[in-house]
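Here is what each chain is made of, one letter per residue.
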Amino acid sequence: MFINGELVDAKSGKTIEVRNPSNGTVVDSVPRGSVDEVNAAVEAAAKAFPAWAAMPPTKRAQILHAAAEKMKAAVPELAKLLSQEQGKPLAHAVLEASRVQENLEYYAGLADKIRGDYVPLDDPAKFGLTIRRPIGVVAAITPWNFPLTLMANKICPALATGCTVVLKPASTTPLATQRAVEIINSAGLPPGVLNIVHGSGAEIGDALVSHPKVNKIAFTGQTETGKRIMKLAADNVTRITLELGGSDPMIVCEDADLRRASAATAIGRFFNAGQACLAVKRVYVFASVAEEFMTKIADRAKKEWKVGDGLAEGVKMGPLHTEHQRAEVEAQVADAVKKGAKILAGGTRPQGDEYSKGWFMDATVLSEVPDDSRMLTEEVFGPALPIVIVNDLDEAIAKANSSVYGLGSSIWTKDLAKARKAVEQIQAGYTWVNDIQVAYDQLPFGGSKQSGFGKEHGLEALDGYLEKKSVVLSAG
Ligand code: NDP
């Protein structure tokens, strides 16, 4: 772990083994922290907060720019670790590791541009101000699907505003995150500003979330975990941002560019073996183009998504992250088939010795998936795509909105009126029109409904780490 500027083992001496989901080999291990280490990290962050918050913002910006430079140099090292612990193809791990540097640069650029307002008041002898103050100690909790991206989404705006951080990554993907924290610290962060603890969420999560000196929780993970955190946060009225599950609908209209739409669907569904919060998880296609669209996406699934070890040449899709995760997706597919769905591609595990020790699954596409099947009512966190035929846009939007989730969404049409209606009526935090579901640093990102609340990315992410205070100044 890294607490108060030092590498720290667990007092208990216990460790957590991190295994490669492609072949089960042990990649490395990390200390298995306990409540003692959580308390030490929060105390360190609380102690470091006043000086970090008071540091001239240009100096904070300089440190974050320096951290970005160091992260750029570390991309190859971090990407390899990430691929081994998470399972994703190396090329995709490189993209993810590079995102940390980009995110650091973006918020380093904003660190010295945070400002309040001058507010004229009715009484000429007085005027008002608003000032923006960093919220304090942030507990940042991240999942295993994009460990580095989701770490960066939290720590970069937090550090830029003057907050201090205790980070807890997922127990199965702590390695690249640990190295990233060491590297960022080496750019000149004062001790205690950025700490990392390891340990099972079930064992140390409550202590971190409930700690009275934690002022803000930034959480990404399952909706069920988010609900528990929200309840615990209520005890101290701790601020929270929740980035939770999703089941993003895509609507394909009769005038869509089917070649581009099917390419975006395949990437949106099979990238990261389907283990992405923003991902195409349900397709609603107009009847007149359904057959052509389904043929195209099934062909892509069969031909373009080579499955294998993340470090092997030419692989586009790694294994599922855990045995449990694969079993869950397979059960959702089986449920759909039992209720009448047809498999157009995949639905199988790849065969051969090289696949025998990993949690691999082929890219899978299903049609005629009934509305009450698990694939449409739950989040499918794996490489399986349900397709539903619809008759018009109203039906498509109604079905798109039938989920408890509201994270991303997309529509493919050349008709501006249809696009506008979808943009206005789909209940989600993001809608892409004729484009692939890629998030941008410049645009706020976050969910509606049970996908959570609060924003990451954009200027808006800073708001989650700042509190606005009103001031009245009187001439006396
Ligand atoms: P989990 O909710 O299981 O875990 C997320 C993190 O929370 C892990 O670090 C975990 O630790 C920790 N945790 C578990 N229990 C507790 C607890 N009681 N208190 C505090 N922390 C706890 O999610 P997954 O790792 O399974 O991630 C997948 C989910 O994340 C999907 O639902 C996905 O949609 C969602 N997600 C949402 C995104 C968004 O921006 N909306 C982006 C990416 C993913 P440990 O690993 O030790 O259990």
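In this text the structure is predicted, and so the values were computed from the model without any measurement. (Residues numbered from 1 in each chain as written. Predicted model: local features only at pLDDT ≥ 70, side-chain atom pairs only at ≥ 80, totals over all residues. Heavy atoms only, no water.)

**Some words on the overall build of the chain**
- What the chain contains, in helices and strands, is 14 helices and 22 strands.
- Scaling as 2.2 N^0.38, a compact globule of 476 residues should have a C-alpha radius of gyration of about 23 Å, and the chain matches this with 23 Å.
- Considered along the principal axes of its C-alpha atoms, the chain spans approximately 75 × 60 × 40 Å.
- Here the chain holds 476 residues, and the buried ones make up 56% of them.
- Counting only contacts in the chain whose residues sit at least 6 apart along the sequence, the fraction spanning at least 24 positions is 73%.
- For the chain, the computed accessible surface area is about 19,300 Å², with 53% contributed by carbon and sulfur atoms. (Helix = DSSP H or I, 4+ residues; strand = E, 2+ residues; numbered from the N terminus. Rg over C-alpha atoms; globule rule 2.2 N^0.38 Å. Buried < 20%, exposed > 50% of the residue type's maximum accessible area, 1.4 Å probe, protein only. Contact = heavy atoms within 4.5 Å. Areas by Shrake-Rupley, 256 points an atom, 1.4 Å probe, with all protein chains shown as cover.)

**What to know about the nonpolar core**
- In terms of nonpolar packing, the biggest core is built from 57 residues, with Leu-104, Leu-148 and Val-165 touching the most fellow members.
- The element best represented in this core is helix α2 (residues 57-86), accounting for twelve residues.
- Those residues within four positions of Leu-104 in sequence are excluded, and the remaining contacts are Leu-64, Ala-67, Ala-68, Met-71, Cys-156 and Ile-184.
- Among the nonpolar cores identified, the runner-up in size contains 54 residues, and Met-250, Tyr-284, Ala-301 and Trp-305 belong to it. (Core = buried A, V, L, I, M, F, W, Y, C linked by side-chain atoms within 4.5 Å.)

**Quick look at helix α9 (residues 287-304)**
- For α9, which comprises 18 residues, the first-to-last C-alpha distance of 25 Å matches the rise-based estimate of 26 Å (1.5 Å per residue) to within 8%.
- The sharpest bend along α9 measures roughly 25 degrees and falls at Phe-293. (Expected span 1.5 Å × (residues − 1). Bend = angle between axes of the 7 residues up to and from the residue.)

**What about the domain arrangement of the chain?**
- Along its sequence, the chain is carved into domain 1 (2-244 + 451-474) and domain 2 (248-440).
- Each of domain 1 and domain 2 has a C-alpha centre, and these two points are 31 Å apart.
- Contacts between the two partners involve 24 residues from domain 1, matched on the other side by 27 residues from domain 2.
- Buried surface at the junction of domain 1 and domain 2, both sides included, amounts to about 2,100 Å², of which 58% is carbon and sulfur.
- By the criterion of area lost to domain 2, the three top residues of domain 1 are Ser-22, Trp-144 and Ser-451, representing 26% of everything that side buries.
- Our count for the domain 1 to domain 2 interface comes out at zero salt bridges.
- The interface formed by domain 1 and domain 2 holds eleven residue pairs in polar contact (both at pLDDT 80 or more) in total. (Domains from an automatic or database assignment. Buried area = accessible area lost by both parts, 1.4 Å probe. Salt bridge = Lys/Arg side-chain N within 4 Å of Asp/Glu carboxyl O. Polar contact = N/O pair within 3.5 Å; in protein donor to acceptor, adjacent residues only side chain to side chain.)

**Let's talk about the site of the ligand**
- Within the structure, the ligand sits among 31 residues, and Ser-171, Thr-225, Leu-244, Cys-277 and Glu-379 are positioned closest to it.
- In the model, an oxygen atom of the ligand is placed 3.1 Å from a nitrogen or oxygen of the Trp-144 side chain.
- A distance of 3.4 Å separates an oxygen atom of the ligand from a polar backbone atom of Gly-221.
- Isolated, the ligand exposes 910 Å² of accessible area, and the fraction of that covered by the protein chains is 90%.
- Looking at the shell around the ligand, the elements with two or more residues in it are α6 (201-210), β10 (216-220) and α7 (223-236).
- Considered class by class, the residues forming the shell around the ligand number 13 nonpolar, 13 polar and five charged.
- Looking at the shell around the ligand, you find at least three residues from each of domain 1 (2-244 + 451-474) and domain 2 (248-440). (Near = heavy atom within 4 Å. Nonpolar A, V, L, I, M, F, W, Y, C, P; charged D, E, K, R; others polar.)

**With respect to the pairing of β10**
- Counting buried residues in β10 gives five out of five residues, a clear majority hidden from the surface.
- The alternating pattern of β10 places Lys-216, Ala-218 and Thr-220 and Ile-217 and Phe-219 on opposite faces, both of which are buried.
- One ladder, built from four bridges, connects strand β7 (residues 137-141) with β10; its direction is parallel. Residue pairing for β10: Ala-139 is matched across the bridge by Ile-217.
- As paired elements, β10 and strand β11 (residues 239-243) share five bridges and run parallel to each other. Considered in β11, the bridge of Phe-219 is made with Leu-242.
- On the question of chirality, the crossover connecting β10 to the parallel β11 by way of α7 is right-handed. (Pairing = 2+ DSSP bridges. Right-handed = clockwise from strand over helix to strand, strands pointing away.)

**Examining unusual backbone geometry**
- Residue Asn-4 is not a glycine yet carries a positive backbone phi of 55 degrees.
- Position of Asn-4 relative to the elements: it lies in the loop between β1 (2-3) and β2 (6-7).
- A residue is classified by how much of its surface remains accessible, and Asn-4, at 39% relative accessible area, is partly exposed.
- The residue His-457 is not glycine, and still its phi comes out positive at about 70 degrees.
- Checked against the element boundaries, His-457 lands in the loop between β21 (452-453) and α14 (460-463).
- Judged by its relative accessible area of 4%, His-457 falls in the buried class.

**Focus: the sheet that holds strand β6 (residues 126-134)**
- Spatial strand order, β5-β6-β22: three strands in an open sheet with antiparallel pairing. This sheet does not close on itself; its edge strands, each paired only once, are β5 (117-120) and β22 (466-474). With strand direction ignored, the average angle separating the axes of adjacent strands in the sheet is 25 degrees.
- With four bridges joining them, β5 and β6 adopt antiparallel strand pairing. Bridge pairing in β6 links Tyr-118 to Leu-129. (Axes fitted to C-alpha atoms, helices over the stretch in contact; angles between N-to-C directions.)

**Thoughts on the packing of α6 against α7**
- Axis separation between α6 and α7 bottoms out at 9 Å; the angle between their running directions is 35 degrees. For the pair α6 and α7, the crossing hand works out as right-handed. Where α6 abuts α7, its residues Asp-206, Val-209 and Ser-210 lie against Arg-228, Ile-229, Leu-232, Ala-233 and Asn-236.
- In the contact of α6 with α7, the residues fall into four nonpolar, two polar and two charged. (Left-handed = near helix turned anticlockwise from the far one by under 90°.)

**Points about the side chain of Lys-399**
- Among the structural elements, Lys-399 can be located in helix α12 (residues 393-400).
- Of note is the side chain of Lys-399, whose polar atom sits 3.2 Å from the side chain of Asp-371.
- Apart from residues lying up to four places away in sequence, Lys-399 is in contact with Arg-282, Tyr-284, Asp-371, Val-388 and Val-390.

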